[in-house]
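Summary of the model geometry
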Amino acid sequence: MAKRVDAIVVLVTCKSKGEARKIVTTLVEKRLAACGNILESPVTSIYRWRGKIERAKEYLVVLKSTRAQFLALEREVTGLHSYEVPEIIAIPATDGSRKYLAWVGANVDGK
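Residues numbered from 1 in each chain as written. Predicted model: local features only at pLDDT ≥ 70, side-chain atom pairs only at ≥ 80, totals over all residues. Heavy atoms only, no water.

This part covers the environment of Ala90. Looking at the secondary structure, you find Ala90 in strand E5 (residues 88-92). Sequence separation between Ala90 and Val12 is 78 residues, and the spatial gap between their C-alpha atoms is 9.2 Å. Residues within four places of Ala90 in sequence aside, it is in contact with Ile8, Val9, Val10 and Phe70. (Helix = DSSP H or I, 4+ residues; strand = E, 2+ residues; numbered from the N terminus. Contact = heavy atoms within 4.5 Å.)

See below:
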């Protein structure tokens, strides 16, 4: 039986496809994420920033990682990101294909 992995899905928004690609590639190379998906069409984000309602086109990144690597992943994204306060949100993957979750663990934690 495959070892249980404490997997997470991490959402990050970026101002450009290039920035999204750089972040995903770096995270996968450093084994902080097993996989990253970049939504190639921009999403529209509406948010409050410095007292004003803002609207922006952004590229959404969906990363698969583990809870154990989240702090390192967050530091790396923060260092690479152009935003002063980048969106970095981790959601627990409470269930999933055991084989896929084992693959995530093997490709993040290097086991």
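Our next topic: the pattern of salt bridges. Scanning the entire structure with this criterion turns up five salt bridges. Between Lys30 and Glu76 there is a salt bridge, with the nearest N and O atoms lying 3.2 Å from each other. Here Glu76 lies in helix H2 (residues 70-80) and Lys30 lies in the loop between helix H1 (17-29) and strand E2 (35-38), a separation of 46 residues in the sequence. The class of Lys30 is partly exposed, set by a relative accessible area of 48%. Between Arg50 and Glu84 there is a salt bridge; the shortest N-O distance is 2.6 Å. Remark: Glu84 occurs in the loop between H2 and E5 and Arg50 occurs in the loop between strand E3 (43-49) and strand E4 (52-66); sequence separation between them is 34 residues. When salt bridges with common partners are traced through the structure, they connect Lys17, Arg21 and Glu40 into a single cluster. (Salt bridge = Lys/Arg side-chain N within 4 Å of Asp/Glu carboxyl O. Buried < 20%, exposed > 50% of the residue type's maximum accessible area, 1.4 Å probe, protein only.)

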